[in-house]
Amino acid sequence: MRETAAARILIVEDEGIEALDIQSRLTRLGYAAPDIAFTGEEAIRKAEAAAPDLILMDIRLPGDLDGVATAERIQARWDVPVIYLTAYADESTLQRAKITAPYGYLVKPFKEWELHVTIDVALHKHQAERRLRESEKWLSTTLRSIGEGVIATDREGLVIFMNPVAERLTGWTLQEALHQELARLFPLVHRATRQPVENPVSAVLRDGTAAGVANHTRLIARDGSEIAIDDSAAPIRDDQGAIIGA
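Here the structure is a predicted model, which means the values were calculated and not measured.

Colleague: Explanation requested: the layout of surface pockets in the structure shown.
Modeller: To find the voids left in a structure, one rolls a probe of water-molecule size over its atoms. Each pocket or cavity is described by its volume, and for the largest pocket that value is around 620 Å³. Around the largest pocket sit 24 residues that line it, and Gly 149, Val 150, Ile 151, Asp 231 and Ser 232 are the ones nearest its centre. Mapped onto the lining of the largest pocket, the elements with two or more residues apiece are strand S6 (151–153), helix H6 (164–170), helix H9 (200–207), strand S11 (226–228) and strand S12 (232–233). The residue makeup of the lining of the largest pocket, split by class, is 18 nonpolar, 3 polar and 3 charged.

Colleague: Any chance you could explain the packing of helix H2 (residues 40–50) against helix H3 (residues 67–77) here in plain terms?
Modeller: When two helices pack together, their arrangement is given by the angle between the helix axes and by the axis-to-axis distance. Contact geometry for H2 and H3: axes closest at 9 Å, N-to-C directions at 20°. Relative to H3, the element H2 is oriented roughly parallel. Here the hand of the crossing between H2 and H3 comes out right-handed. Residues Gly 40, Ala 43, Ile 44, Ala 47 and Glu 48 of H2 lie in contact with H3, whose contacting residues are Thr 70, Arg 73, Ile 74 and Arg 77. Class assignment of the residues belonging to the contact of H2 with H3 gives a composition of 4 nonpolar, 2 polar and 3 charged.

Colleague: What is the right way to read the sheet that holds strand S4 (residues 82–86) from this model?
Modeller: Remark on secondary structure: sheet strands pair via backbone hydrogen bonds, oriented parallel or antiparallel. The strand order S2-S1-S3-S4-S5 describes an open sheet built from 5 strands, whose pairing is parallel. Every interior strand has two partners, whereas the edge strands, strand S2 (32–37) and strand S5 (104–107), have only one. Adjacent strand axes in the sheet meet at a mean angle of 20° when their direction is disregarded. Where strand S1 (residues 8–12) lies against strand S3 (residues 54–58), 4 bridges are found, and the strand directions are parallel. Residue Leu 10 lies in a different strand from S3, and its bridge partner there is Ile 55. Packing of helix H5 (residues 112–145) onto the sheet brings it into contact with S1, S3, S4 and S5, and relative to S3 it is tilted by some 130°.

Colleague: Honestly, H5 in this entry has me stumped. Any pointers?
Modeller: In an α-helix, one full turn covers 3.6 residues, which means residues spaced three or four apart are oriented alike. Between its first and last C-alpha, H5 extends 50 Å over 34 residues, near the 50 Å set by a 1.5 Å rise per residue. The set of residues buried in H5 consists of Leu 115, Thr 118, Ile 119, Ala 122, Leu 123 and His 126. Along its buried surface, H5 packs onto S1, helix H1 (16–28), S3, S4 and S5.

Calculation criteria
- Along each chain, the written sequence defines residue order, and numbers are assigned to residues from 1.
- With the structure being a predicted model, the display of local features is reserved for residues of pLDDT at least 70 and the display and counting of side-chain atom pairs for 80 or more, all residues being used for whole-chain, interface and lining totals.
- Only hydrogens and water are set aside when side-chain values are computed; all heavy atoms of the structure are taken into account.
- Put simply, the grid is 1 Å and covers the protein atoms alone, a cavity is a trapped set of points that fit a 1.4 Å probe, a pocket is an open set with protein on both sides within 12 Å along at least five of seven lines, and lining residues have an atom within 4 Å of a point.
- Grid points are joined across faces, edges and corners, and a volume is the space filled by probe spheres set on the points.
- Numbered from the N terminus, helices here are DSSP runs of H or I no shorter than four residues, and strands are runs of E no shorter than two.
- Each residue gets one label: Ala, Val, Leu, Ile, Met, Phe, Trp, Tyr, Cys and Pro are nonpolar, Asp, Glu, Lys and Arg are charged, and the others, such as Gly, are polar.
- Orientation is described by lines fitted to C-alpha atoms, with helices fitted over the stretch in contact, and by angles between N-to-C directions that extend from 0 to 180 degrees.
- If an angle is under 35 degrees, it is roughly parallel; if it is over 145, roughly antiparallel; if it lies from 65 to 115, roughly perpendicular; otherwise it is oblique.
- It is the rotation of the near helix from the far one that decides the hand of a crossing: anticlockwise by less than a right angle makes it left-handed, clockwise makes it right-handed.
- Throughout, a residue-residue contact means that at least one pair of heavy atoms, one from each residue, lies within 4.5 Å.
- Two strands qualify as a pair provided that DSSP identifies no fewer than 2 bridges between them.
- Expected helix span is computed as 1.5 Å times (number of residues minus one).
- Buried, partly exposed and exposed residues are distinguished by accessible area as a fraction of the type maximum, computed with a 1.4 Å probe on protein chains only: under 20%, between the cut-offs, and over 50%, respectively.

The values reported here are purely geometric and, on their own, carry no functional implication.
Structural data, given as structure tokens:
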């Protein structure tokens, strides 16, 4: 993503005078030569050709594609933040607009400083979200690649992640295990006594500290086979220190 002032902005507005007014305001604010599209179809073509960093999209556009439908098509192909411009929209249109997860709304007529602040916040938010997605992809790839089974749960002990090794050990796929109780998918027994062993995640969520099981513990896989395991669990905490999973 470019610096905010250098960001390429596409204005999608069917009223020529309004479009030129917004273009003039953006130029005064230091944005680089904003382009204009007057219809949804033209906006899609220009989004493909120019790869804008942000789109100012009038919700009400003439033709088969209104602003919401145009935003949906653009977002299905490119990662571009959209800010909606509107003087009036009925409730059903606004509900449709919410589904496209816009980065802001500007209600006409709006002041120049409102335009600047809304764009600046949207660009920074989009950049932060992109960095977060990249970080999540790196983490997911790492967890899927390591040679040990990894399972993550939420604060209720429901499964939210399993890597391929954990899938092979338990016999459950992530899709099957998602939002299921870990205790059901990961039953443990004592090798000698055959008595159930407490799942370490339960202890972590209860006590808030890391936990493990003794080396005489066995996992009962989905097909009934037994696997000797070495197991440990640790809490996952948010920025305030509250436990959000294990």
